[in-house]
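Now for the letters of each chain:
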Amino acid sequence: MADPKHFLDINLVDAGDLRTIIDDGIAVKQARLGTPKGTIDPDAPLKGHALAAIFEFPSTRTRVSFDMAMRQLGGDTIVLNSNDMQLGRGESIADTARVLSRYVDAIMIRTDDHDKLQELAEFATVPVINGLTNDSHPCQLMADVMTFEEHRGPIKDKVLTWSGDGNNMVTSYIHAAGQFGFELRIACPEELSPDPRALKWAENVGANVHVSRDATEAVTGAHCVITDTWVSMGDDAANRHNLLSPYQVDEKLMAGADANAIFMHCLPAHREEEATTGVMDGPQSVIFDEAENRLHAQKAILRWCLGAS
Ligand code: CP
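Residues numbered from 1 in each chain as written. Predicted model: local features only at pLDDT ≥ 70, side-chain atom pairs only at ≥ 80, totals over all residues. Heavy atoms only, no water.

Novice: What is the right way to read the overall build of the protein from this model?
Specialist: Looking only at helices and strands, the protein has 12 helices and nine strands in total. For 309 residues, the compact-globule formula gives about 19 Å, and the C-alpha radius of gyration of the protein, at 19 Å, lands near that figure. With the C-alpha coordinates of the protein rotated into their principal frame, the extents come out at 55 × 45 × 35 Å. The buried share of the protein, taken over its 309 residues, is 56%. Within the protein, counting contacts between residues at least 6 apart in sequence, those at least 24 apart form 74% of the total. If you sum the accessible surface of the protein, you get close to 13,100 Å²; carbon and sulfur atoms cover 50% of it. For the protein, the centre of its 27 positive side-chain charges and the centre of its 46 negative side-chain charges are spaced 5 Å apart. (Helix = DSSP H or I, 4+ residues; strand = E, 2+ residues; numbered from the N terminus. Rg over C-alpha atoms; globule rule 2.2 N^0.38 Å. Buried < 20%, exposed > 50% of the residue type's maximum accessible area, 1.4 Å probe, protein only. Contact = heavy atoms within 4.5 Å. Areas by Shrake-Rupley, 256 points an atom, 1.4 Å probe, with all protein chains shown as cover. Lys, Arg positive; Asp, Glu negative; His and termini not counted. Charge placed at Lys NZ, Arg CZ, Asp CG, Glu CD.)

This is how it looks when you write it as structure tokens:
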């Protein structure tokens, strides 16, 4: 039996395959324009297929977009809260992987422990998809790249600036910078710097990634400005507001970017903390296209994982 095609991290998928997934996501979105959201795609490429979606953390976008993606592809989803599973009572990840692989065609997991994702992938005989871990959020990055390209054309050689916490999103942005060939500038406090393993990976592959403490300098001429909530799931909130307030994305910071720059945020947001309402609802904001594109990008990921592209 061939090894399953997992979607665990952006740096673990071939760059050509990532490009195929983005192009597929844009094409399937275009093909469905004006179609009621519950309509199954004409070719129903995943008819008869089922996804188990495991959540150890709350979710709005990931939960609904994966479920709707499977429905539109003609398949089904079983949404599982880990506390309702034997996993929550101590059954091992390895046994859970082996058992679920006998029932479903793919597994998506959102977990607080990246090691659990890796163990699941090691023991599953079906594709495993990372729906966010403490380390990374690759599905969100695919939606972000898709959104950037819809609004501003090819992302290669463009400048994207992250201002805020050097969190799991930043790790996936670092991976994406290497794989898609854009320049990534990260402005963050030293105490909340990006994962050194991701920065080392970027150095090894020659990715154009820079870390600074100065948000104003980092946004100069940028084609896209991105931020995220100051307190992510699982974080200790202490002192984060003080550390991160110089990195708030407000109208003044946006004015330093390229005149046609867009603003992205993966949501959920805490308005007037990491970004002002004026920026979030302003003309440069594409945050709701970004949220919508989780659906289309994940349809393309599911098709890739299950050999139905
Ligand atoms: N961006 C994101 O992953 O949203 P949810 O936490 O609502 O899934």
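Novice: Explanation requested: the pairing of strand E3 (residues 106–110) in the structure shown.
Specialist: Side-chain positions along a regular strand alternate between the two faces of the sheet. Buried residues dominate E3, accounting for five of its five residues. Both faces of E3 are covered, namely the face carrying Ala-106, Met-108 and Arg-110 and the face carrying Ile-107 and Ile-109. Here strand E1 (residues 50–55) runs beside E3; their pairing, made up of five bridges, is parallel. Pairing of Ala-52 across the sheet is with Ile-107, part of E3. Direction of pairing for E3 relative to strand E4 (residues 128–130): parallel, over a ladder of three bridges. Residue pairing across strands places Ile-109 opposite Asn-130, the latter belonging to E4. Since E3 and E4 lie parallel, the crossover through helix H4 (residues 114–123) that links them has a hand, and here it is right-handed. (Pairing = 2+ DSSP bridges. Right-handed = clockwise from strand over helix to strand, strands pointing away.)

Novice: Is there a simple way to explain the sheet that holds strand E2 (residues 76–81) in this structure?
Specialist: The strands making up a sheet associate through hydrogen bonds between their backbones, and the pairing can be parallel or antiparallel. What the four strands build is an open sheet, ordered E2-E1-E3-E4; its pairing is parallel. The two strands at the open ends of the sheet, each matched to only one other strand, are E2 and E4. The mean inter-strand angle of the sheet, taken between neighbouring strand axes irrespective of direction, is 20 degrees. In this structure, E1 lies alongside E2, joined through six bridges in parallel fashion. Looking at E2, one finds that Ala-50 is bridged to Asp-76. (Axes fitted to C-alpha atoms, helices over the stretch in contact; angles between N-to-C directions.)

Novice: Honestly, the site of the ligand in this entry has me stumped. Any pointers?
Specialist: The immediate surroundings of the ligand are formed by Ser-59, Thr-60, Arg-61, Thr-62, Arg-110, His-137, Gln-140, Cys-266, Leu-267 and Arg-294. Within the side chain of Arg-110, an N or O atom sits 2.8 Å from an oxygen atom of the ligand. Here the residues of the shell around the ligand are counted per class, giving two nonpolar, five polar and three charged. (Near = heavy atom within 4 Å. Polar contact = N/O pair within 3.5 Å; in protein donor to acceptor, adjacent residues only side chain to side chain. Nonpolar A, V, L, I, M, F, W, Y, C, P; charged D, E, K, R; others polar.)

Novice: Before we go on, may I ask you to explain the pairing of E1 in this structure?
Specialist: Among the six residues in E1, six count as buried, and that is most of the element. Side chains Ala-50, Ala-52 and Ile-54 of E1 all project onto a buried face; the interleaved residues Leu-51, Ala-53 and Phe-55 project onto the opposite face, where all are buried too. For the handedness criterion, the β-α-β arrangement of E1, helix H2 (residues 61–72) and E2 is classed as right-handed.

Novice: Is there a simple way to think about the packing of helix H5 (residues 138–152) against helix H12 (residues 287–305) in this case?
Specialist: A packed helix pair is summarised by two numbers, namely the angle formed by the two axes and the spacing between the axes. Between H5 and H12, the shortest axis-to-axis distance is 8 Å and the interhelical angle comes to 115 degrees. By the angle between their directions, the pair H5 and H12 is classed as roughly perpendicular. Remark: the crossing between H5 and H12 carries right-handed chirality. For the pair formed by H5 and H12, the contact residues are Cys-139, Gln-140, Met-142, Ala-143, Asp-144, Met-146, Thr-147, Glu-150 and His-151 on the first element and Asp-289, Glu-290, Asn-293, Arg-294, His-296, Ala-297, Gln-298 and Ile-301 on the second. Tallied by class, the residues present in the contact of H5 with H12 amount to six nonpolar, six polar and five charged. (Parallel < 35°, antiparallel > 145°, perpendicular 65-115°, else oblique. Left-handed = near helix turned anticlockwise from the far one by under 90°.)

Novice: Please explain the pattern of salt bridges as it appears in this structure.
Specialist: Side chains bearing opposite charge may pair, as long as their charged atoms lie close to each other. Under the criterion given, the structure shown has 16 salt bridges. Arg-303 is paired through a salt bridge with Asp-24; the nearest N and O atoms lie 3.3 Å apart. Taken as a pair, Arg-303 in helix H12 and Asp-24 in helix H1 (residues 15–31) lie far apart in primary sequence, 279 residues in all. Judged on exposure class, the residue Arg-303 and its partner Asp-24 are both buried. Linking Arg-197 and Asp-135 is a salt bridge whose minimum nitrogen-to-oxygen distance equals 3.2 Å. Here Arg-197 is found in helix H7 (residues 196–205), whereas its partner Asp-135 is found in the loop between E4 and H5, with 62 residues between them in sequence. Here Asp-135 falls in the buried class, since its relative accessible area comes to 18%. Counted as one network, the salt bridges with shared partners bring together Arg-19, Asp-23 and Glu-149. (Salt bridge = Lys/Arg side-chain N within 4 Å of Asp/Glu carboxyl O.)

Novice: Is there a simple way to explain the side chain of His-265 in this structure?
Specialist: Here His-265 is to be found in strand E9 (residues 262–265). Only 2.9 Å separates the side chain of His-265 from the backbone nitrogen of Leu-267, close enough to count as a polar contact. In contact with His-265, not counting residues within four places along its chain, are Thr-227, Asp-228, Thr-229, Glu-274, Ile-287 and Glu-290.

Novice: What should I look at first to understand the layout of surface pockets in this one?
Specialist: It is the rolling of a water-molecule-sized probe over the atoms that shows where space remains empty. Estimates place the volume of the largest pocket at around 620 Å³. As for the largest pocket, its lining consists of 38 residues, and the residues nearest its centre are Leu-132, Asn-168, Asp-228, Ser-232 and Met-233. Among the elements that make up the lining of the largest pocket, the one with the highest residue count is helix H6 (residues 168–180) (three residues). Residues of the lining of the largest pocket, tallied by class, amount to 11 nonpolar, 17 polar and 10 charged. Taken together, 16 residues form the lining of the second largest pocket, with Lys-37, Gln-72, Glu-292, Leu-295 and His-296 sitting closest to its centre. Within the residue set of the lining of the second largest pocket, elements represented by two or more residues are H2 and H12. At five residues, the largest contribution of residues to the lining of the second largest pocket is made by H2. For the lining of the second largest pocket, the residue count by class is five nonpolar, six polar and five charged. (1 Å grid on protein atoms, 1.4 Å probe; cavity = no way out; pocket = protein on both sides within 12 Å on 5 of 7 lines; lining within 4 Å. Points joined across faces, edges and corners; volume = space filled by probe spheres on them.)

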